[in-house]
Every structure is written in C-alpha cells, then in structure tokens.
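A look at the structure
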Amino acid sequence: MSADGGESWKLTLPCTRAEAEAIDFEAPALAALDPTPVLLTSEEIEDDPTRWRLDAFFEGKPDAATLAVVRALVPSAKASKAKPERVIEQDWITLSQAGIEPVHAGRFYIHTAANRGPVPPGARAFRIEASRAFGTGQHQTTSGCLVTLDGLKQRGAVFRNIADIGTGTGLLAFAALHLWPRAYATASDIDPASIDVTAENAVLNGVALGRGMGAVALAVASGLDHPLIARRAPYDLIVANILAGPLIALAPAIGAALAPGGTLVLAGLLDTQAAAVARAYRREGLFLAGRTQIGDWPTLRLRKRQKLGWRRPVRDSGKEAETPGFGSW
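Residues numbered from 1 in each chain as written. Predicted model: local features only at pLDDT ≥ 70, side-chain atom pairs only at ≥ 80, totals over all residues. Heavy atoms only, no water.

Time to look at the overall build of the protein chain. Looking only at helices and strands, the protein chain features eleven helices and 14 strands. Put simply, the protein chain has 329 residues, and 51% of those count as buried. Contacts in the protein chain between residues far apart in sequence, at least 24 positions, make up 68% of those at least 6 positions apart. About 14600 Å² of surface is accessible on the protein chain, with carbon and sulfur atoms providing 53% of the total. (Helix = DSSP H or I, 4+ residues; strand = E, 2+ residues; numbered from the N terminus. Buried < 20%, exposed > 50% of the residue type's maximum accessible area, 1.4 Å probe, protein only. Contact = heavy atoms within 4.5 Å. Areas by Shrake-Rupley, 256 points an atom, 1.4 Å probe, with all protein chains shown as cover.)

Dropping the structure here:
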C-alpha cells in the first residue's frame with residue numbers, strides 16, 4: 001500500500017451476514033498489510049442476512065494486492081465492480097468509528113468518542129474505541145457477556161475474586177468490577193497489544209489498575225499460564241470470551257482455577273459449537289446453569305459443583321499459544 005501524504009481511501013463491498021461474522025480481523029494476510037486497513041461491517045437492510053456491507057478504510061491509496069486481500073474476505077462480492085474512492089480531508093479512523101452505534105446491554109452503555117449519544121438513565125457508560133483489540137461491545141459475544149453479568153447481579157450474586165481471560169479491550173473486567181466494586185479483578189490476554197489497550201481504556205473510564213480490592217491487575221498470558229493468575233486463584237467468577245477451540249483446550253485449566261460453587265461465563269462460540277464446549281466443561285465438574293442468546297451467538301453460564309473442591313491450576317502445555325484466537329474476541 002502506498003502512502004499518499006496522509007490521504008484516506010475507502011472501499012465498500014456487499015457481503016452477507018455470515019461473511020461479516022466470519023471475518024478474521026487478525027488473519028495473517030491482513031496483518032501483513034502496512035498500514036493495516038480499518039474494517040467495518042454493518043447491516044444494510046434490517047433482518048436481511050444477505051444485505052450486509054464491508055467498509056474498508058485505507059491510509060493512502062490501496063494497491064491491487066491490498067484490494068485482493070480485502071476482497072477475499074467476502075467471496076460473495078467477487079462480481080462487484082466497486083473501486084476504492086478517495087475520502088477528502090477526513091480522518092480515516094474517525095470515519096470508521098462514526099458508523100459504530102452505541103450499544104446498550106444490560107445496565108451498560110458502550111460508546112466511542114465519535115458517537116456517544118445520550119446515556120440511558122441508570123446505565124454505566126464505558127468509552128471503548130474501535131482499536132487493535134477485540135471487545136468494543138459491538139459483537140454479540142461481548143454484549144451477551146454484559147447481559148449475563150448484569151443478570152447475575154440482578155439475581156443477587158456476589159463475587160470477590162474475578163478473572164477475565166482473553167480480555168481484549170478490558171471491557172468485561174471493567175463491567176464486572178462495576179457490578180462488584182469490592183472484588184479483586186484480573187484481566188489477561190495472550191496479545192500484549194490488548195493489555196496495552198486495556199490499560200489505556202482503564203484510564204479513559206476511571207477504572208483503577210493494580211492488585212488491590214476494586215482494581216484490575218493485568219497480565220500477558222496464554223490462557224491461565226501466568227504466575228499472577230495462579231497465585232490469585234481460586235476465582236469465584238471467570239469470564240472467557242474467546243473462541244470455541246481455545247475454550248475447549250482450556251477447560252482443564254479454567255475448571256481447576258474456579259472455586260467450588262463458582263460461576264463461569266463463556267462466549268465466542270456459535271450455536272453449533274455450544275454442545276461441544278459445554279461437554280468439555282462437564283468433564284471438569286461444571287454444569288450448564290443458563291444461556292443468553294443474541295443472534296447466532298450463545299453465552300453460556302456454568303457452575304462448578306461444590307463437591308469437587310479446588311486444586312492449584314497446572315501450567316498450560318503451551319499448545320494454547322499456538323491456537324489463534326486469544327485476544328481476538
């Protein structure tokens with residue numbers, strides 16, 4: 001991609017909802033582009049899964065190779081004759097965020113600086129910018145976790161030791177700490193950039209960082225493979241919004257780190273993957289206690305049986321680090 005004095009360019013392609021939800025924003029081909037384009041998917045016609053669109057914003061005019069990478073993300077647009085257009089005197093990041101509508105999930109209201117809007121009465125607002133980490137609240141998996149956490153609070157649940165595995169932007173850790181402000185919270189991600197983003201978002205949203213009560217402790221870790229995470233176990237609430245494959249691989253480690261009677265919230269899986277994920281955790285002594293469904297994306301709420309007790313979690317084998325997806329959700 002060439003750099004044309006800071007010019008901004010945009011390519012709009014038609015796509016389907018399935019294609020939009022399947023886009024891997026950390027795919028090697030995308031990551032190899034410098035600078036990486038900003039991608040935004042949206043629904044063109046409400047409730048029509050065939051009428052979605054992909055907007056790609058480029059810093060500088062994209063060359064043919066760059067356009068080929070973006071077009072490959074949405075195969076149904078193969079016949080589209082759309083060409084990139086120059087965007088005059090506008091900030092390409094602001095443009096990409098301008099189309100991001102605020103999300104109201106449970107008692108939480110998630111917005112960007114470019115599109116805050118009125119905060120609903122009684123809602124806790126979080127400013128989470130679209131960035132290099134997943135978890136802005138836009139995706140149904142993140143919204144499902146927020147709704148599930150809010151439901152736990154409404155039912156009177158109390159948690160004192162919380163872990164957010166694969167935290168992305170830190171949003172779910174922040175939300176949990178808002179609900180249970182006297183808790184200890186730990187947020188981890190395999191991607192160091194995500195932990196940097198989480199620290200920045202904590203400052204933006206007035207969330208304390210640190211290892212004391214009412215603060216979030218941060219760790220770069222593959223799954224639960226970090227001394228800090230092991231030391232602070234057992235947890236009475238663990239949230240993991242990643243992918244089905246890593247969730248299954250991490251079942252022994254997560255099950256071991258959860259206190260007897262503890263609650264586990266899992267997301268990042270499709271309807272078709274829910275049974276396999278639940279089965280993996282059933283083998284670790286957890287049972288399905290509830291489910292929140294938003295679109296095709298379920299959020300599972302599980303409980304650990306009291307009789308199993310707690311054991312110090314073993315270090316991960318290292319295989320999880322080879323599995324893409326931590327920090328991408």
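Turning next to the confidence of the model for the protein chain. Averaged over all residues, the pLDDT of the protein chain is 84; the fraction at 70 or higher stands at 84%. When the criterion is pLDDT under 50, residues 89-99 qualifies, and its contacts beyond four places in sequence or with other chains add up to 19 contacts. Here residues 316-329 scores under 50 on pLDDT; set against residues more than four positions off or in separate chains, the count is 41 contacts. (pLDDT = per-residue confidence, 0-100.)

Taken in spatial order, the seven strands make up an open sheet running β10-β9-β8-β11-β12-β14-β13, and their pairing is mixed. Single-partner strands in this sheet number two, and they are β10 (216-220) and β13 (286-294). Within the sheet, the average angular offset between the axes of one strand and its neighbour, ignoring direction, is 15 degrees. Pairing of strand β9 (residues 184-189) with β10, which is carried by five bridges, proceeds in the parallel orientation. Paired with Ser 188 across the two strands is Ala 219, which belongs to β10. Sitting on the sheet, helix α7 (residues 192-204) is in contact with β9 and β10, with an inclination near 160 degrees to β10. (Pairing = 2+ DSSP bridges. Axes fitted to C-alpha atoms, helices over the stretch in contact; angles between N-to-C directions.)

An ideal rise of 1.5 Å per residue puts 18 Å on 13 residues; α7 measures up with 19 Å between its terminal C-alpha atoms. On the buried face of α7, the contacting elements are β7 (124-127), α6 (171-179), β9 and β10. Between a side-chain oxygen at the N-terminus of α7 and the backbone nitrogen of Ala 193 the separation is 3.0 Å; the capping residue is Asp 191. Just downstream of α7, Gly 206 is the residue with a positive phi angle, here 65 degrees. (Expected span 1.5 Å × (residues − 1). Polar contact = N/O pair within 3.5 Å; in protein donor to acceptor, adjacent residues only side chain to side chain.)

Here the bond from Asp 34 into Pro 35 is cis, since omega is 0 degrees, no more than 30 degrees from zero. Positionally, Pro 35 belongs in the loop between α2 (28-31) and β2 (38-43). The peptide bond linking Ala 233 to Pro 234 adopts the cis configuration, its omega dihedral lying at 5 degrees. Looking at the secondary structure, you find Pro 234 in the loop between α8 (227-232) and β11 (235-241).

Further remarks concern the pattern of salt bridges. This model, assessed by the stated rule, comprises six salt bridges. Among the ionic pairs, Asp 296 bridges to Arg 17, the shortest N-O distance being 3.3 Å. Linking Asp 296 in the loop between β13 and β14 (297-304) with Arg 17 in helix α1 (residues 17-22), this pair joins segments that are 279 residues apart in sequence. Residues Glu 129 and Arg 127 are paired through a salt bridge, measuring 2.6 Å at the closest nitrogen-oxygen approach. (Salt bridge = Lys/Arg side-chain N within 4 Å of Asp/Glu carboxyl O.)

Looking now at the nonpolar core. With 31 residues, the main nonpolar core has Ile 110, Phe 126, Leu 146, Leu 149, Trp 180, Val 216 and Leu 237 as its most contacted residues. Those elements that provide at least two residues to this core are β5 (103-105), β6 (108-111), α5 (140-154), α6, β9, β11 and β12 (258-267). In terms of residues, this core owes the most to one element, α6, which gives eight residues. Setting aside chain neighbours within four positions, we find Leu 237 in contact with Leu 149, Phe 159, Asn 161, Ile 162, Ala 163, Trp 180, Leu 258, Thr 263 and Val 265. Residues Leu 264, Ala 274, Ala 278 and Leu 302 belong to the second largest nonpolar core, which totals 28 residues. (Core = buried A, V, L, I, M, F, W, Y, C linked by side-chain atoms within 4.5 Å.)

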